[in-house]
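# Remarks on the overall topology
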Amino acid sequence: MLRPYRFSSSADSLWPMDWKLELVFVPVSDVDRAKDFYVNKVGFNADYDERPMDGIRFVQLTPPGSACSICIGEGLNDAPPGTAPSLQMVVGDIQEAHSQLKANGVDVSDIDIQDWGHFVYFADPDGNKWAVQYIPHRPNG
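Residues numbered from 1 in each chain as written. Predicted model: local features only at pLDDT ≥ 70, side-chain atom pairs only at ≥ 80, totals over all residues. Heavy atoms only, no water.

## Some words on the pattern of salt bridges
Keep this limit in mind: One speaks of a salt bridge when a side-chain nitrogen belonging to Lys or Arg is within 4 Å of a carboxyl oxygen belonging to Asp or Glu. By definition, any uninterrupted DSSP run of H or I lasting at least four residues is a helix, any uninterrupted run of E lasting at least two residues is a strand, and each is numbered from the N terminus. Three exposure classes are used, based on accessible area relative to the maximum for each residue type with a 1.4 Å probe and protein chains only: buried under 20%, partly exposed in between, and exposed over 50%.
In total, this model carries five salt bridges according to the counting rule given. A salt bridge links Arg57 to Asp32, with the shortest nitrogen-to-oxygen separation between them at 2.9 Å. On the criterion of sequence distance, the pair formed by Arg57 in strand E3 (residues 56-62) and Asp32 in helix H1 (residues 31-42) is long-range, its members being 25 residues apart. The buried category is assigned to Arg57, whose relative accessible area is 7%.

Here it is as structure tokens:
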């Protein structure tokens, strides 16, 4: 049951607790291929890879420095492979991010410079789309 909306005792918060997005499901067709892509090409950390029960494989992967991870696996969701919503990471150096992705064999776009940020784009082997953003006016991107 949802609690009624109320102000917290904190002057700068409308909610009495933090709500943290820490895990996003990314549907893939081949877990091992996707894990290899995210770990060895994009540079995510492999946090967890277990089969807690028959028909279930849960793999958690985290971008370096991120509080939010992605999960891939088997028996976790009915979403078709490649249908994750557009996902986005923010970096402190778009040139370095672009160079790293390209050097690791990721088919990455050229750097797209917009007024609100600089971007590069790529997709995983199933077509799940990613944007990497650098925000010039914000410390550390």
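## Remarks on a nonpolar patch on the surface
For clarity, the threshold we go by: Patch criteria: residues need more than 30% relative accessible area and no salt bridge. Like-charged residues are merged within 9 Å; nonpolar side chains of Val, Leu, Ile, Met, Phe, Trp and Tyr are merged within 5 Å. Residue exposure ignores everything except the shown protein chains as possible cover, and the areas themselves are Shrake-Rupley values with a 1.4 Å probe.
A grouping of Leu14, Trp15, Met17 and Trp19 is seen on the molecular surface, where their side chains present a nonpolar patch of about 510 Å² in accessible area. Among the structural elements, Trp19 can be located in the segment before strand E1 (23-25). Take Trp19: its relative accessible area is 63%, and that puts it in the exposed class.

## Examining the nonpolar core
Using the following cut-off: Residues grouped as a nonpolar core are buried Ala, Val, Leu, Ile, Met, Phe, Trp, Tyr and Cys residues, joined through side-chain atoms within 4.5 Å.
If you look at the biggest cluster of nonpolar residues, it comprises 25 residues, and the most contacted ones within it are Tyr38, Val42 and Phe122. At the level of secondary structure, the elements contributing two or more residues to this core comprise H1, E3, strand E4 (69-74), strand E5 (87-90), helix H2 (94-103), strand E7 (117-123) and strand E8 (129-134). Per-element tally for this core: the top contributor is H1, with five residues.

## Regarding the environment of Ile72
Applied cut-off: Note on contacts: a residue pair qualifies if any of its non-hydrogen atoms lie within 4.5 Å across the two residues.
Among the structural elements, Ile72 can be located in strand E4. By relative accessible area, which is 0% here, Ile72 ends up buried. Sequence spacing of Ile72 and Pro27 is 45 residues, and the spatial spacing of their C-alpha atoms is 6.2 Å. The residues touching Ile72, leaving out its near neighbours within four places in the chain, are Val26, Val28, Val31, Ala34, Lys35, Arg57, Phe58, Val59 and Leu61.

## Description of the sheet that holds E5
Pairing between the strands of a sheet comes from backbone hydrogen bonds, and it takes one of two forms, parallel or antiparallel. The following threshold applies: Any two strands between which DSSP finds at least two bridges are classified as paired. Lines fitted to C-alpha atoms define the axes here, with helix axes fitted over just the stretch in contact, and angles between the N-to-C directions of these axes take values from 0 to 180 degrees.
Across the sheet, four strands lie side by side as E5-E8-E7-E6; this open sheet has mixed pairing. Of all strands in the sheet, those bounded by a partner on one side alone are E5 and strand E6 (112-114). When the angles between neighbouring strand axes are averaged without regard to direction, this sheet yields 30°. Packing of H2 onto the sheet brings it into contact with E7 and E8, and relative to E7 it is tilted by some 15°.

## Focus: the packing of aromatic side chains
Stated formally: Side-chain rings of Phe, Tyr and Trp (the six-membered ring for Trp) are treated as a pair once their centres are within 6.5 Å; stacked means planes under 30 degrees apart, edge-to-face means over 60, and tilted covers the remaining angles.
Scanning the entire structure with this criterion turns up eight aromatic pairs. Arranged with centres 6.2 Å apart and planes meeting at 50°, the rings of Phe37 and Phe122 form a pair that is tilted. Within this pair, whereas Phe37 is found in helix H1, its partner Phe122 is found in strand E7, the two being separated by 85 residues in sequence. Each member of the pair Phe37 and Phe122 is classed as buried.

## Considerations on H1
Threshold: Helices are assigned an expected span. That span is 1.5 Å times one less than the residue count. Polar contact is the term for a pair of N or O atoms within 3.5 Å; when the atoms are in protein, one must be able to donate a hydrogen and the other to accept it, and sequence-neighboring residues count only if both atoms are side-chain atoms.
Across its 12 residues, H1 extends 15 Å between first and last C-alpha, which sits within 8% of the 16 Å expected from 1.5 Å per residue. Buried positions along H1 lie against E3, E4, E5, H2, E7 and E8. Structurally, the start of H1 carries an N-cap: the backbone nitrogen of Asp32 is 3.1 Å from a side-chain oxygen of Asp30. Backbone geometry just after H1 places Gly43 at a positive phi near 100°.

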